Amino acid sequence: MQGAIVESEGDWAAEQPDDNGPYVVVVGSEKGGTGKSTTAIHLSVALMKLGFKVATLDLDSRQATLSAFFKNREDYAERSGRTLELPRHAVVERSAAADRQQATEDEEQRLQAALAEAQGCDFVVIDTPGSDSSLCRLGHRFADTLVTPLNDSLLDIEVLARINREDRLVEAPSVYSQLVWEQNNQRVVTGRPPIDWVVLRNRLAHIEARNMREISNLLSVLSKRIGFRVAPGVSERVVFRELFLSGLTALDLPEEGETSSHAAARREIKDVLEAIGLYDAGAA
């Protein structure tokens, strides 16, 4: 898919990435239902709204939520006659090879080919499977920035570490954190910069104040121990679900006459991009 690119909007503008190839943003987690694909969608559309050329890769061919969204967006643009930004999109399928090593090599070749097709873009946004698979690991290895959405609950923090439920002490990093470490180490060994890991706290508005403080304290400890930054994500808003079938986000809605809910949703998406630091990521 390839669509029109809009100009940057006033003071909401980013510095252009450098000439060393696209900056890769991977959205990853081993837990479902945290807003992973929704985050990938918002980041992709927001970057295109800034005037960047964006490629998107869907490594989760079973769920294919990211692919469904951009197909909906393309269909809506054709039906409505609206000019909507569309990325250069590709799906990287899982290998059918029975041998594990052969399957991994096959998937690495497929991912490398998809990334090669993204040359000329400023950013690549990758949505990964919500499980420990070779494609998930490979996707993380290419991350310049890794974004891990996290429901703001004590239960979901265990995607990052094992927590003693009684005294709320951190016992050990999770399997997922170890996966990120392993892929980060492989990057560093080959002379690439370490992964900039950002954990997004989603659905903040639906958690009571005491739990929010407790989660904030735990994440502060984990961020130092495991090595990530913490940023606010997006709330659970009806508008996000309603717009999905049309392939739209709150950033596509006209600002004139918008409701306070739509304005807040638009602001949240922009705040996420700013908190992650993607304005000047490519120039870093």
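Residues numbered from 1 in each chain as written. Predicted model: local features only at pLDDT ≥ 70, side-chain atom pairs only at ≥ 80, totals over all residues. Heavy atoms only, no water.

Overview of the overall build of the protein
What counts, and what does not: By the criteria applied, helices consist of DSSP H or I runs no shorter than four residues and strands consist of E runs no shorter than two, each listed in order from the N terminus. Burial here depends on accessible area, computed with a 1.4 Å probe over protein chains only, as a share of the maximum for the residue type. Under 20% is buried, over 50% is exposed, and the range in between is partly exposed. Working rule for contacts: check all heavy atoms of both residues, and any pair within 4.5 Å makes them a contact. The accessible surface values rely on the Shrake-Rupley method and a 1.4 Å probe; as for residues, cover is taken only from the protein chains in view.
A tally of regular secondary structure across the protein gives 8 helices and 9 strands. Taking all 284 residues of the protein together, 49% fall into the buried category. Counted over contacts in the protein with a minimum sequence separation of 6, partners at least 24 positions apart contribute 78%. Surface exposure of the protein reaches about 13300 Å², of which carbon and sulfur atoms provide 48%.

Quick word on helix α8 (residues 260-276)
Defined as follows: Expected span, for any helix, means 1.5 Å times one less than how many residues it has.
Under the 1.5 Å per step criterion, the end-to-end length of α8 is 24 Å for 17 residues, consistent within 8% with the ideal 24 Å. Considered for burial, the residues of α8 that qualify are Ala265, Arg266, Glu268, Ile269, Lys270, Val272, Leu273 and Ile276. Within two residues after α8, Gly277 carries a phi angle of roughly 95°, on the positive side.

A word on the sheet that holds strand β2 (residues 54-58)
The cut-off we apply is this: Think of it this way: DSSP has to see at least two bridges between two strands before they count as a pair. Helix axes are fitted only over the stretch in contact, all axes being lines through C-alpha atoms; the angle between N-to-C directions runs from 0 to 180 degrees.
With parallel pairing, 7 strands are arranged side by side in an open sheet as β3-β2-β4-β1-β5-β8-β9. The open sheet is flanked by β3 (88-91) and β9 (229-232), the only strands paired with a single partner. Averaged over all neighbouring strand pairs, the angle between strand axes comes to 20°, with direction disregarded. Where strand β1 (residues 23-27) meets strand β5 (residues 145-151), 3 bridges bridge the pair, whose relative direction is parallel. By the bridge assignment for β5, Val26 is matched with Leu146.

What to know about helix α2 (residues 65-80)
Here α2 spans 22 Å end to end across 16 residues, near enough to the 22 Å set by a 1.5 Å rise per residue. What α2 keeps buried is the set Leu66, Ser67, Phe69, Phe70, Asn72, Arg73 and Ala77. Against α1 (36-49), β2, β3, β4 (123-127) and α7 (238-244) lie the buried residues of α2.

Focus: the nonpolar core
Heads up, the rule is: Remark: nonpolar core denotes a set of buried residues (Ala, Val, Leu, Ile, Met, Phe, Trp, Tyr, Cys) joined through side-chain atoms within 4.5 Å.
Judged by nonpolar contacts, the single largest core of 39 residues is most densely connected at Val25, Leu43, Leu47, Phe123, Ile276 and Leu278. Of the residues forming this core, the biggest block, 7 residues, is contributed by α1. If sequence neighbours within four positions are ignored, Leu278 has contacts with Tyr23, Val25, Leu43, Leu47, Phe123, Thr145 and Leu273. Core analysis: the second largest hydrophobic core is formed by 38 residues, Val24, Val159, Leu218 and Leu219 among them.

Section: the environment of Val234
With respect to the helices and strands, Val234 occurs in the loop between β9 and α7. In the structure, Val234 is positioned 85 residues away from Pro149 in sequence and 9.4 Å away in space, judged by C-alpha atoms.

Thoughts on the packing of α1 against α2
Basically, it comes down to this: By the definition adopted for this analysis, an angle is roughly parallel if under 35 degrees, roughly antiparallel if over 145, roughly perpendicular if from 65 to 115, and oblique otherwise. The crossing is said to be left-handed when, going from far helix to near helix, the turn is anticlockwise and less than a right angle, and right-handed when the turn is clockwise.
Between α1 and α2, the least distance of the axes is 9 Å, while the angle of their chain directions is 45°. With respect to α2, the element α1 is oriented oblique. α1 and α2 meet at a crossing whose hand is right-handed. Between α1 and α2, the residues in contact are Ser37, Ala40, Ile41, Ser44, Val45, Met48 and Lys49 and Thr65, Leu66, Phe69, Phe70 and Arg73, respectively.

Examining the pairing of β3
Every other side chain in a regular strand lies on the same face of the sheet, so the side chains alternate between the two faces. The criterion, for reference: The handedness of a crossover follows from its direction of travel: if, with the strands pointing away from the viewer, the path from the first strand over the helix to the second runs clockwise, the crossover is right-handed.
Taken together, the 4 bridges between β2 and β3 define a ladder with parallel strand orientation. Bridging from a neighbouring strand, Thr56 pairs with His89 of β3. Following the backbone out of β2, through α2 and into the adjacent parallel β3, one traces a crossover that is right-handed.

Regarding the pattern of salt bridges
Rules: Counted as salt bridges are all cases of a side-chain nitrogen of Lys or Arg within 4 Å of a carboxyl oxygen of Asp or Glu.
Tallied over the full model, the rule gives 13 salt bridges. Here Asp127 and Lys36 are joined by a salt bridge, their closest N and O atoms 3.3 Å apart. Remark: Lys36 occurs in helix α1 and Asp127 occurs in strand β4; sequence separation between them is 91 residues. Classification of Asp127 by relative accessible area gives buried; the value is 1%. Looking at Lys36, the relative accessible area reads 9%, which means it is buried. Each of Lys49, Arg73, Glu85 and Asp252 takes part in salt bridges that share partners, so that together they form one network.

Points about the confidence of the model for the protein
To keep things clear, this is the line we draw: For every residue, the predictor assigns a confidence score, pLDDT, that lies between 0 and 100.
The predicted model of the protein averages 85 in pLDDT, with 88% of residues at 70 or higher. Throughout residues 1-18 the model reports pLDDT below 50, and contacts reaching past four residues in sequence, or to other chains, amount to 59 contacts.

Section: the packing of helix α4 (residues 134-141) against helix α5 (residues 175-189)
Counted only if it meets this: Amino acids are sorted into nonpolar (Ala, Val, Leu, Ile, Met, Phe, Trp, Tyr, Cys and Pro), charged (Asp, Glu, Lys and Arg) and polar (every other residue, Gly among them).
Running from N to C, α4 and α5 cross one another at 50°; their axes reach a closest spacing of 8 Å. Between α4 and α5, the angle is such that the two are oblique. In this structure, α4 crosses over α5, and the sense of that crossing is right-handed. From α4, Cys136, Arg137, His140 and Arg141 reach across to α5, where they touch Tyr176, Leu179, Val180, Glu182, Gln183, Gln186 and Arg187. Along the lines of polarity and charge, the residues of the contact of α4 with α5 split into 4 nonpolar, 3 polar and 4 charged.

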